[in-house]
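# Fold and contact review
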Amino acid sequence: MANEENLIPIQNRTTSEAREISAKGGKKSGEARRRKKDMKAKMKLLLSLHPTASQTELLKALGIPEEDADNEMLLLVAMFQAATEDRDTKAFDKVMDVLGKTVQREELTLKKRQAAKQDKPNNGMTEQLIAGMQEQEAEDDLHEEATAIDGTVANKEVAAD
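I will try to describe carefully the structure that is included in this document. (Residues numbered from 1 in each chain as written. Predicted model: local features only at pLDDT ≥ 70, side-chain atom pairs only at ≥ 80, totals over all residues. Heavy atoms only, no water.)

## Notes on the overall build of the protein
In terms of regular secondary structure, the protein is built from seven helices and zero strands. If you list the helices and strands of the protein from N to C, you get α-α-α-α-α-α-α. A burial count over the protein gives 11% of its 161 residues as buried. Counting contacts in the protein only where the partners sit at least 6 residues apart, residues at least 24 apart contribute 8% of the total. By element, 56% of the accessible surface of the protein is carried by carbon and sulfur atoms, the whole surface being about 14300 Å². (Helix = DSSP H or I, 4+ residues; strand = E, 2+ residues; numbered from the N terminus. Buried < 20%, exposed > 50% of the residue type's maximum accessible area, 1.4 Å probe, protein only. Contact = heavy atoms within 4.5 Å. Areas by Shrake-Rupley, 256 points an atom, 1.4 Å probe, with all protein chains shown as cover.)

Structural data, given as structure tokens:
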């Protein structure tokens, strides 16, 4: 990288310099976040608007009800037409993505299912654990019986009360 020797890591700067640089970065980040939020709001507005008369006729010819005729529907129709008529594979991928049927999503779902199966305890191990706990309970019961017969200090204290 050119001028790499001119770069000074943030750890090697003074506290006030580091604070200044961080503040500038935070302000720019906030500006970018607000700009993206505004663009998203404007796009939602554009998509909710009614299409032009000629575009409405196109949607009507496709059998789309008038109450569903908006720019969002027009965009979906254009994407669908690009995938079917133009045989645009990227448009096809986007249509499948809108439907939630992408290869990546299906692979992710499969991986999640496999991970969930792996998180479940192994039945053989569970059975061994239960058997070990039952053996421990049996030993505890034998110990209690032996102390009752021996008349240990604990039993004498209980009897004295």
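The discussion continues.
## With respect to the environment of K90
Within the secondary structure, K90 is located in helix α4 (residues 89–99). Taking the C-alpha atoms as reference, K90 lies 9.4 Å from M79; in sequence the two are eleven residues apart.

## Description of the packing of helix α3 (residues 71–84) against α4
Taken N-terminus to C-terminus, the directions of α3 and α4 make an angle of 130°; their axes are 8 Å apart at the nearest point. Put simply, α3 runs oblique to α4. Relative to α4, α3 is oriented so that their crossing is left-handed. Judged by residue contacts, M79, F80, A82 and A83 of α3 engage A91, F92, K94, V95 and V98 from α4. Its residues assigned to classes, the contact of α3 with α4 shows eight nonpolar, no polar and one charged. (Axes fitted to C-alpha atoms, helices over the stretch in contact; angles between N-to-C directions. Parallel < 35°, antiparallel > 145°, perpendicular 65-115°, else oblique. Left-handed = near helix turned anticlockwise from the far one by under 90°. Nonpolar A, V, L, I, M, F, W, Y, C, P; charged D, E, K, R; others polar.)

## Regarding the packing of helix α2 (residues 53–61) against α3
Where α2 meets α3, the axes come as close as 11 Å, and the angle between the chain directions of the two elements is 60°. Taken together, α2 and α3 sit at an angle that is classed as oblique. α3 is crossed by α2, and the crossing has left-handed handedness. Side by side, α2 and α3 meet where Q55, L58 and L59 of the first sit next to N71, M73, L74, V77 and Q81 of the second. Residue composition of the contact of α2 with α3, grouped by class: five nonpolar, three polar and no charged.

## What about the environment of L62?
Inspection of the secondary structure puts L62 in the loop between α2 and α3. A residue is classified by how much of its surface remains accessible, and L62, at 49% relative accessible area, is partly exposed. A sequence separation of 15 residues divides L62 from V77, and the C-alpha atoms of the two residues are 9.1 Å apart.

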